[in-house]
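# Overview (structure and organization)
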Amino acid sequence: MNYIPVTELEKEAMLKEIGINSIEELFREIPDDLKIKNELKIPKGLSEYETRKALIKLAKKNTDMNELANFMGAGAYNHYVPTLVDHLLSRSEFYTAYTPYQPEISQGTLQNIYEFQTIVCELFGMDVSNASVYDGATAVAEAMIMACDKKKNEIVISKGLHKEYRETVETYANGLGITVKYAELEEGITPLEAFEAQATDATAAYVVMYPNFYGCIEDIQKIAVAAHARKALLIVSISDLSAMGILEAPGNLGADIVVGDGMPFAGPLSFSGPSIGLIATTTKLSRKLPGRICGMTEDREGKRAFVLTMQAREQHIRRDKASSNICSNQALYALANNITLSTLGKYGLKEMAENTLTNAHYCKDKLLKIDGVEMLYEQPFYSEFAVKLPIPARVLQKHLLKYDILGPVDLGRFDKDMANVGLFFVSEIRSKDDMDRLAFAMEVIINEQKFI
Amino acid sequence: MSKNLFSQTEALIFDKSRPGHKAYFLPESSIEKLDKKKIIPSHLIRKIEADLPEVSEIDVVRHFTHLSSKNFGVDTGFYPLGSCTMKYNPKLNENTARLPGFSWLHPYQPVETVQGALQLMYLLQISLAEILGMGKVTLQPAAGAHGELAGIKIIKAYHDSRGDTKRNKIIIPDAAHGTNPATATMAGYQAVEIKSTPEGDVDLDALRAAVGEDTAGLMLTNPSTLGLFERNITEVTKIVHEAGGLIYYDGANLNAIMGITRPGDMGFDVVHVNLHKTFSTPHGGGGPGAGPVGVKEFLAKFLPIPTVEYIAEKDIYVFNYDVPESIGRMKSFYGNFPVIVRAYTYIRALGADGLKKSSQYAVLNANYLKKLVEKHLHVEAPERFCMHEFICTPKNIYDTGVHTLDIAKRLIDYGYHPPTIYFPLIVEEAMMIEPTETEGIETLQEFAEVIGAIVNECKSDPEMVKSAPHTTYVKRVDEVKAAREPNLRYRRPIAE
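Thresholds, definitions, all that
Residues numbered from 1 in each chain as written. Chains lettered and ligands numbered in written order. Predicted model: local features only at pLDDT ≥ 70, side-chain atom pairs only at ≥ 80, totals over all residues. Heavy atoms only, no water. Helix = DSSP H or I, 4+ residues; strand = E, 2+ residues; numbered from the N terminus. Buried < 20%, exposed > 50% of the residue type's maximum accessible area, 1.4 Å probe, protein only. Contact = heavy atoms within 4.5 Å. Areas by Shrake-Rupley, 256 points an atom, 1.4 Å probe, with all protein chains shown as cover. Lys, Arg positive; Asp, Glu negative; His and termini not counted. Charge placed at Lys NZ, Arg CZ, Asp CG, Glu CD. Arc of directions from axis to C-beta. Domains from an automatic or database assignment. Salt bridge = Lys/Arg side-chain N within 4 Å of Asp/Glu carboxyl O. Polar contact = N/O pair within 3.5 Å; in protein donor to acceptor, adjacent residues only side chain to side chain. Nonpolar A, V, L, I, M, F, W, Y, C, P; charged D, E, K, R; others polar. Patch = residues over 30% accessible without salt bridge, like charges linked within 9 Å, V, L, I, M, F, W, Y side chains within 5 Å. Axes fitted to C-alpha atoms, helices over the stretch in contact; angles between N-to-C directions. Parallel < 35°, antiparallel > 145°, perpendicular 65-115°, else oblique. Left-handed = near helix turned anticlockwise from the far one by under 90°. Core = buried A, V, L, I, M, F, W, Y, C linked by side-chain atoms within 4.5 Å. Pairing = 2+ DSSP bridges. Buried area = accessible area lost by both parts, 1.4 Å probe.

A few words now on the overall build of chain B. Scanning chain B from terminus to terminus reveals 14 helices and 13 strands. Taken along its principal axes, the extent of the C-alpha atoms in chain B is 75 × 70 × 45 Å. Counting across all 496 residues of chain B, residues that qualify as buried make up 67%. Within chain B, residue pairs in contact and separated by at least 24 positions form 71% of the contacts whose partners lie at least 6 positions apart. Carbon together with sulfur atoms contributes 52% to the accessible area of chain B, which is approximately 16700 Å² in total. Between the averaged position of the 53 positive side-chain charges in chain B and that of its 60 negative side-chain charges there is a distance of 5 Å.

Here it is in structure tokens:
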């Protein structure tokens, strides 16, 4: 099939107007030796019905986590997303539009971005946000670039930052002449000494995850003070965004740049699909923000209007001197975040976070009753915690699937020494029954495995 | 007060907030609520809630429905935004991306439970490799510019792996997209701009003069940003290769050549494609997109981790993290997966025949429209066939004092989204028109007639054109005020 509305007869008329006899003539400037002789080796097209069938067949080969009780997090956190989000995202005036270059006919997208920027600032306790970047990992990388200059070209990152975020930051740093150093964890959190041991006069920023990858809540206030004493910035990366309903906003604790991933509020996790990088900063640093920014202004009649602004920072104006090469943003997921957080509102986010905290701790207490299961780190945590297991986490994971349970994340995939550590994520949508079933199944599996 | 939604300002969602209103109902827990003070150190407990709105469900639905009515999408009308390929976004793709087996997947699920997702990624990789004439493809980059960064880093990794570290320059024609030079800088290169010929081709003499031992590579868009096929492409790639550089293909304009010619056959070493342009996935008001990167076989070992592989003897698809010479990771997880599902759906539905036909009709529509527009405005390179887009300018009516911006704004009054304007930079007052293959002959004819009508207006009533648009609720906006007095977020007024 195809989506071409021109008929054969119309085609003939168009060719006549152009003054040629065949479509092939339009391509006469392409040298013959570069033209494809045969058809591409791609299967023949299908009808709409057949295509849908083929895609359903592929989708069926996956285990849909909706049918399981999910205890996996580690950067992809499954919280409640209201039904109306997808309905509103599906308004095609939103999703079939481009970047709002023409403000007169893009006020919908622009007002959404303005509201989204406000929400991000509110969550993080910051002054200014942009329209979003690709994801949480690239947001840390962009924050690093904001913090660094020719003199200050080193950053110290806590090892509590998600490993995939660290790898992304390294990719970005490599080539920009930025040195990435790491502060080691001690008992699951980053002691000040670990940052200090790596810091020099060239240190531009400390980077810490809050709560960190292992679920532990870092004292970012102390780290902010230490960073500022060194004339370095503090970059805080939020792991589970819903934590902003219960944890003090990083902006109120001294953070200079705060980033996160809005995936939990964008829709189903979709294999990490709806990633959206949130990035906010202080007024002082606002001109260093990368990407699109929307501002409120007036039209020529004095009516309120929105427009993309501060574009002198951007690639289409500054070209090789731009603050970043980023051109797009995750606008549709910014819309989803705006809708979800407007639906939850002030007290919904708080209730979500408090229920998550309650559930996660109930679950931990249950699991610790199992023989041989213990906490990896004894630190305050929010929605995630790592436990040492008497069997490999990978094995546990495999057997739990038989009980319709997904998780935990096997930390062995990030660190060979942690093959027996499972990272459990629990949110407000997990029922008491889900957690009781998890504890029951784990106990059975661990006992079975002991005797193999 | 007017109740016409199109003629009123939509209040901010924050202004609609009323204490006590709620739109959410979370599961009630039978577990006794924990005292957060017993868990979290007091200074790390939130003191003041984020000031999110308190609204009911109907308020949320109406607010965003009203906002959507203030937007113009491809579904609203003709959107000939050059270089952005605003083709129709098939509804089928929206449905397949939302199949529960694709949407309800955690990225760290055991691979045995996501074989369909991996197979789909693998099939899209090999399909794109075939379309591009490349050896191997990664789907990880989240957008075109992100793909550019990955691609230029691959070029750097190649030179570094050979100990060839003196190459520190990337050559970029002045007709290029702004992301190209910005990417070169971000990858640690110096961007060297070379002049193009007036028709937008690479100036071969300028290229010969620019290449040398310090050349890491060339970034090029073909068809060029003037919508013309680079006739000397074989010579261009030869010059750069002979100097020891590699050649990067900016896939922004791939929609002109699917099934007709391939970047790989032209001599390009690294390519990015925009799934949100050529492969019909919606632009979403600015994203998410996806910018897969294809490379020749000799560069495959530098692709970002993880790669998706098929192990034939076990008949299983896996992620491979063991790529020692990889440039590293470009983002967390695996790319914008729902975009990937949509693009695969599109390729599966169209097949080799449909893809080729799409490119043919994209070029047919552009040339037809160019012929019609030429009756009213100056077009660039009138004697050549354009590819999927063409450039016109108001050169022939400069004496009216009307500029490209004014014509663009006047088009809004007639129900069209304006073309890309003032790009490429090398053409004065450029208007870049890309109709795409999903528009019918009537749309093209009507658009050309409107261009004619506007040209007449420019002559008879230039002031009216200069103050367009007149029919929208929001008129031309004060961009200077926006930049000088930045108002980038709402703050609740302090209660009296």
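More follows now that the structure is in view.
Another aspect to go through is helix α1 (residues 8-18) of chain A. Here α1 of chain A has its buried residues at Glu10, Lys11, Met14, Leu15 and Ile18 of chain A. Viewed along the axis of α1 of chain A, the buried residues span an arc of 140°, placing them on a single side of the element. Relative to its buried face, α1 of chain A has exposed residues pointing more than 90 degrees away, namely Leu9 and Lys16 of chain A. As for α1 of chain A, its buried residues are in contact with α10 (337-373) and α12 (441-460) of chain B. Just downstream of α1 of chain A, glycine 19 of chain A is the residue with a positive phi angle, here 95°.

Looking now at the domain arrangement of chain A. Residue and element names in this part refer to chain A. Looking at the assigned domains, one finds that chain A contains domain 1 (8-60), domain 2 (67-79 + 347-450) and domain 3 (83-340). Once you take the C-alpha centre of each, domain 2 and domain 3 turn out to be 28 Å apart. Applying the counting criterion to the domain 2 and domain 3 interface returns 0 salt bridges. At the junction of domain 2 and domain 3, the tally comes to 8 residue pairs in polar contact (both at pLDDT 80 or more). Among the secondary structure elements, those contributing two or more residues to the side of domain 2 that touches domain 3 are α11 (331-368), β12 (384-388) and β15 (421-425). Looking at which element gives the most residues to the side of domain 2 that touches domain 3, the answer is α11, with 6 residues. Tallied by class, the residues present in the side of domain 2 that touches domain 3 amount to 19 nonpolar, 5 polar and 4 charged.

We note that the domain assignment places domain 1 (5-68), domain 2 (92-349) and domain 3 (354-481) within chain B. The centre of domain 1 of chain B, based on its C-alpha atoms, is set 41 Å off from the matching centre of domain 2 of chain B.

Judged by side-chain charge, Glu186, Glu187, Glu193 and Glu378 of chain A come together as a negatively charged surface patch. Note on glutamate 378 of chain A: relative accessible area 60%, which makes it exposed.

Time to look at the packing of α10 of chain B against α12 of chain B. Residues and elements named next belong to chain B. Following both chains from N to C, one finds α10 and α12 inclined at 30°, their axes separated by 9 Å at the closest point. Comparing the axis directions of α10 and α12 gives the class roughly parallel. As α10 packs across α12, the resulting crossing turns out to be right-handed. Where α10 abuts α12, its residues Asn365, Tyr368, Leu369, Leu372 and Val373 lie against Ile441, Leu444, Gln445, Phe447, Ala448 and Ile451. Grouping the constituent residues of the contact of α10 with α12 by class yields 9 nonpolar, 2 polar and no charged.

Across soluble globular proteins, you tend to see nonpolar side chains buried next to one another. Ranked by size, the top nonpolar core spans 149 residues in total, and within it Leu411 of chain A together with Leu128, Leu207, Leu275 and Phe279 of chain B carry the most contacts. Looking at this core element by element, the count peaks at 20 residues for α10 of chain B. With sequence-adjacent residues up to four places away left out, leucine 128 of chain B is seen in contact with Val137, Leu139, Val273, Leu275, Phe279, Pro292 and Ile347 of chain B. Counting 80 residues, the second-largest nonpolar core is a separate cluster that includes Leu234, Val236 and Ile276 of chain A together with Ala50 of chain B.

Quick look at the side chain of lysine 36 of chain B now. As for its position among the elements, lysine 36 of chain B is in the segment before α1 (57-68). A relative accessible area of 17% places lysine 36 of chain B in the buried class. A polar contact of 2.6 Å, which involves the side chain of lysine 36 of chain B, links it to the side chain of glutamate 354 of chain A. The contact partners of lysine 36 of chain B, leaving out residues within four places of it in the chain, are Ile246, Lys350, Glu354 and Leu357 of chain A together with Ile45 of chain B.

Residue and element names in this part refer to chain B. Taken together, the 5 bridges between strand β8 (residues 307-311) and strand β9 (residues 316-320) define a ladder with antiparallel strand orientation. Counted as the bridge partner of threonine 307 is asparagine 320 from β9. Taking the residues between adjacent antiparallel strands as the criterion, β8 and β9 are bridged by 4 residues, where aspartate 315 takes a positive phi near 50°.

Residues and elements named next belong to chain B. If you trace the 4 strands from one edge of the open sheet to the other, you get β10-β11-β13-β12, paired in antiparallel fashion. Whereas interior strands pair on both sides, the edge strands pair on one side only; in this sheet they are β10 (378-379) and β12 (420-421). Here β10 runs beside strand β11 (residues 390-393); their pairing, made up of 2 bridges, is antiparallel. Bridge assignment links histidine 378 to a residue of β11, and that residue is threonine 393. Of the strands in this sheet, β10, β11 and β13 (431-433) are in contact with α10, which crosses β11 at around 15°.

Before going further, it helps to examine the sheet that holds strand β11 (residues 374-375) of chain A. Residue and element names in this part refer to chain A. With respect to topology, 4 strands assemble into an open sheet ordered β11-β12-β15-β14, the strand pairing being antiparallel. The sheet terminates laterally at β11 and β14 (409-410), the two strands that pair on one side only. Taken together, the 2 bridges between β14 and β15 define a ladder with antiparallel strand orientation. Within β15, the residue paired with aspartate 410 across the bridge is glycine 422. Relative to the sheet, α11 contacts β11, β12 and β15, its axis offset from that of β12 by approximately 10°.

What follows concerns the environment of aspartate 160 of chain B. Relative to the helices and strands, aspartate 160 of chain B is located in helix α5 (residues 144-161). Linking aspartate 160 of chain B and alanine 97 of chain B, residues 63 residues apart in sequence, is a C-alpha distance of 39 Å.

So, about the interface of chain A and chain B. If you look at the interface, chain A gives 192 residues, while chain B gives 201 residues. Of the roughly 17700 Å² buried where chain A meets chain B, counting both sides, 62% is carbon and sulfur surface. The largest share of the area that chain A buries against chain B comes from Tyr3, Phe271 and Arg319 of chain A, three residues that together contribute 6% of it. Applying the counting criterion to the chain A and chain B interface returns 16 salt bridges. Its salt-bridge partner being glutamate 17 of chain A, residue lysine 375 of chain B comes within 3.2 Å of it at the nearest N-O pair. Sorting elements by how many residues they give to the side of chain A that touches chain B places α11 of chain A first, with 25 residues. Its residues placed into classes, the side of chain A that touches chain B shows 92 nonpolar, 54 polar and 46 charged.

Moving on, we come to the environment of proline 90 of chain B. Structurally, the position occupied by proline 90 of chain B is in the loop between α1 and α2 (91-97). Among the residues examined, proline 90 of chain B registers a relative accessible area of 1% and is labelled buried. If we ignore the near neighbours within four places in the chain, the residues touching proline 90 of chain B are Tyr3 of chain A together with Ser280 and Tyr346 of chain B.

With that out of the way, let us pick up unusual backbone geometry. Residue and element names in this part refer to chain B. Cis rather than trans, the peptide bond between glycine 287 and proline 288 has omega equal to 5°. Tracing the backbone through its elements, the reader meets proline 288 in the loop between β6 (270-273) and β7 (293-295). The peptide bond linking alanine 468 to proline 469 adopts the cis configuration, its omega dihedral lying at 5°. Of note, proline 469 is situated in the loop between α13 (462-466) and α14 (479-484).

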